[in-house]
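What follows is each chain in one-letter form.
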Amino acid sequence: MQHAHAGLENPEYYVPGLPVDYVASRYGIPQSEIAKLGSAENPHGTSPLAKTAVEACLNDLHLYPSWTADPLREKIASTYGFQAEEVICGAGETEILSLITRAFCPPGDKIQMPGPCFPIYHLFAEAEGRTPVLVHSATNPETMALEVDTYINAIDEDTRVVYVTNPHSPSGTWLTEAEVRRIIEASPNALVVLDEAYVHYSDTEGYIHLASEYQNLAVLRTFSKAFGLAGLRIGFGVASKQIINALLAVKPTWNMGQLQIAGGIAALDDHAHVERTVQTIIENRDYVQNRFGELDRFRMVEGSRSNFFLIEILDPDTDSTKVFEGLLERGVIVKDGSVSFRGLQDRFLRSDVNLKPHMDRLIDALADLP
Ligand SMILES: Cc1ncc(COP(=O)(O)O)c(C=O)c1O
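Within every chain, residues take consecutive numbers counted from 1 along the sequence as written. Local features in this predicted model are restricted to residues of pLDDT 70 or higher, and side-chain atom pairs are both shown and tallied only at a pLDDT of 80 or more, whereas totals for entire chains, interfaces and linings draw on every residue. Based on all heavy atoms of the structure, the side-chain values leave hydrogens and waters out of the count.

Asker: Summarise the site of the ligand; cite the residues concerned and give the values.
Answerer: Note on terminology: near, applied to a residue and a molecule or strand, indicates that one of the residue's heavy atoms is within 4 Å of it. Around the ligand sit Gly 92, Glu 93, Thr 94, Phe 118, Thr 165, Asp 195, Ala 197, Tyr 198, Thr 222, Ser 224, Lys 225 and Arg 233, and that is every residue in its neighbourhood. Contacts described as polar in this section are N or O atom pairs within 3.5 Å, which, within protein, must combine one atom able to donate a hydrogen with one able to accept it, while residues neighboring in sequence count only if both atoms come from side chains. Thr 94 is positioned such that a nitrogen or oxygen atom in its side chain is 2.5 Å from an oxygen atom of the ligand. One of the side-chain nitrogen or oxygen atoms of Tyr 198 is found 2.6 Å away from an oxygen atom of the ligand. Only the protein chains shown count as cover for residues, with accessible areas throughout obtained via the Shrake-Rupley method and a probe of 1.4 Å. For the ligand, the accessible surface in isolation is 390 Å², of which the surrounding protein chains cover 93%. The element that contributes the greatest number of residues to the shell around the ligand is helix α4 (residues 92-104), accounting for three residues. Three classes are used: nonpolar for Ala, Val, Leu, Ile, Met, Phe, Trp, Tyr, Cys and Pro, charged for Asp, Glu, Lys and Arg, and polar for all others, with Gly counted as polar. Counted by class, the shell around the ligand contains three nonpolar, five polar and four charged residues. For helices the rule is a DSSP run of H or I covering at least 4 residues; for strands it is a run of E covering at least 2, with both sets numbered from the N terminus onward.

See below:
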């Protein structure tokens, strides 16, 4: 029998948010009554323009797509002020994260990330024999925000990739442009990867423009969130041509199908869908924050600029797994911090911001827990 390399002897896999049908059948709750708040999906669904564009290309599926997804690359480039050669497209940001791990960090060297963070960063690093460095000391235990000086001090000579997530996951906290610049400028030997998956919900343009200024920066974005296309799998990165050329060389050749290319192009013009989504999230983030005032055993960690937030458990007699299970029984799916985010331990859960009835269900279920 052949064995995979040592890093793959006991691999750890990504733990996704639970699906509605699983919770419905396990707890006997009608699907329509379940609040799905564990996967940060779009409360208003698929971008209508993308749906129409995908339908229109169903007759062309016998044709190979452009292996670099050129029509989408060009659209992304013109939308954000880049050249097509400065863009790479992937099956979600997730695929681009795997390319970065392979292209920019030799085996054994370090990939730095805040602790806790999006688990894919460290799971891919470990699976590929790279060394993930989670800088837990840089997370302020009260605000859960990243302390930039501590984060910068952790960067070593053999750190090859430095992740910055803005807004951050799981906290939703936000870094200023000056703070992001400081991290980039403190990393001359590393590629800084600025993950802007949730940037729309910050109600800013984000910092994608920095990719034309710095040679050691890649900015990543996704169509899974504000565009409502998580099931189609489209993400992209912008960086210098040299960086993109290296990523293209390790990319599985035809990684983007016709449907992804057509859907992505149309979604970029679906301003109405994005605006409606962003408005809902911002409004309901305030709404749920107010409703948290009714609870004394739980605190919403404030300052989220994203479509999720952390819930801190103030009651010493319970923990995140008990609360997670209690919420499931009441038809509310969130993320158990101790399972979903390395280093977060058992005092936190992460919940999405979604439609008001779902927010009410969350608060009412938390209030109802024994
Ligand atoms: C911080 C962060 N980055 C990237 C992604 C990946 O998104 P996708 O692969 O769907 O583009 C996610 C998904 O949840 C995320 O939370």
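The structure having been displayed, the exposition proceeds.
Asker: Provide a residue-level description of the packing of aromatic side chains, including the pertinent values.
Answerer: Only the six-membered ring of Trp is used, alongside the rings of Phe and Tyr, when aromatic pairs are assigned; centres must lie within 6.5 Å, and planes under 30 degrees apart are stacked while those over 60 apart are edge-to-face, with the rest tilted. Counted by the stated rule, this structure contains 10 aromatic pairs. Note on geometry: a ring has a charge over it if NZ (lysine) or CZ (arginine) is within 6 Å of the ring centre and within 35 degrees of the ring normal. Across the ring face of Tyr 287, the terminal group of Lys 356 is positioned such that the distance to the ring centre comes to 5.3 Å.

Asker: Go over the pairing of strand β7 (residues 217-222), please, and point to the residues and values.
Answerer: Whether a residue is buried, partly exposed or exposed follows from its accessible area with a 1.4 Å probe, protein chains only, as a fraction of its type maximum: under 20%, in between, or over 50%, in that order. β7 sits mainly inside the fold: six of its six residues count as buried. Of the two faces of β7, the one carrying Leu 217, Val 219 and Arg 221 and the one carrying Ala 218, Leu 220 and Thr 222 are both buried. Note on pairing: DSSP must find at least two bridges between two strands before they are called paired. Relative to β7, strand β6 (residues 191-195) runs parallel, the two sharing four bridges. When the sheet's bridge partners are listed, Val 193 is paired in β7 with Ala 218. As judged from the four bridges shared by β7 and strand β8 (residues 235-238), these two strands associate in the antiparallel manner. When the sheet's bridge partners are listed, Leu 220 is paired in β8 with Gly 237.

Asker: Explain the packing of α4 against helix α8 (residues 241-250) residue by residue, including any values.
Answerer: To obtain an axis, a line is fitted to C-alpha atoms, over the contacting stretch when the element is a helix, and the angle between two such axes runs from 0 to 180 degrees between their N-to-C directions. Between α4 and α8, whose axes approach to 9 Å, the crossing angle comes to 105 degrees. Viewed along their axes, α4 and α8 adopt a mutual orientation that is roughly perpendicular. In contact with Leu 99, Ile 100, Arg 102, Ala 103 and Phe 104 of α4, α8 contributes Ile 243, Ala 246, Leu 247 and Val 250. Looking at the contact of α4 with α8, its residues break down into eight nonpolar, no polar and one charged. Should an angle fall under 35 degrees it is taken as roughly parallel, and over 145 as roughly antiparallel, whereas 65 to 115 is taken as roughly perpendicular and any remaining angle as oblique. By the convention used here, residues are in contact when the closest approach between their heavy atoms is within 4.5 Å.

Asker: Tell me about the pairing of strand β10 (residues 308-313), and please be specific about residues and values.
Answerer: Among the six residues that make up β10, six are buried, leaving the element largely enclosed by the rest of the structure. Across the two faces of β10 the burial is the same, with Phe 308, Leu 310 and Glu 312 and Phe 309, Ile 311 and Ile 313 all buried. Sheet topology places strand β9 (residues 298-300) next to β10; three bridges connect them, and they run antiparallel. Following the sheet pairing, Phe 298 is matched in β10 by Ile 313. Here β10 pairs with strand β13 (residues 348-352) via five bridges, running antiparallel. Residue pairing in the sheet places Ile 311 in a bridge with Leu 349 of β13.

Asker: I'd like a description of the environment of Leu 362, backed by residues and values.
Answerer: Mapping Leu 362 onto the fold places it in helix α13 (residues 356-368). When the C-alpha positions of Leu 362 and Asp 296 are compared, they lie 14 Å apart, and in sequence the two are 66 residues distant. Each residue touching Leu 362, except ones within four places of it in the same chain, is listed here: Leu 37, Val 288, Phe 292, Phe 309, Ile 311, Leu 327, Val 332, Val 334 and Ser 351.

Shape is all these values report; function is a separate question.
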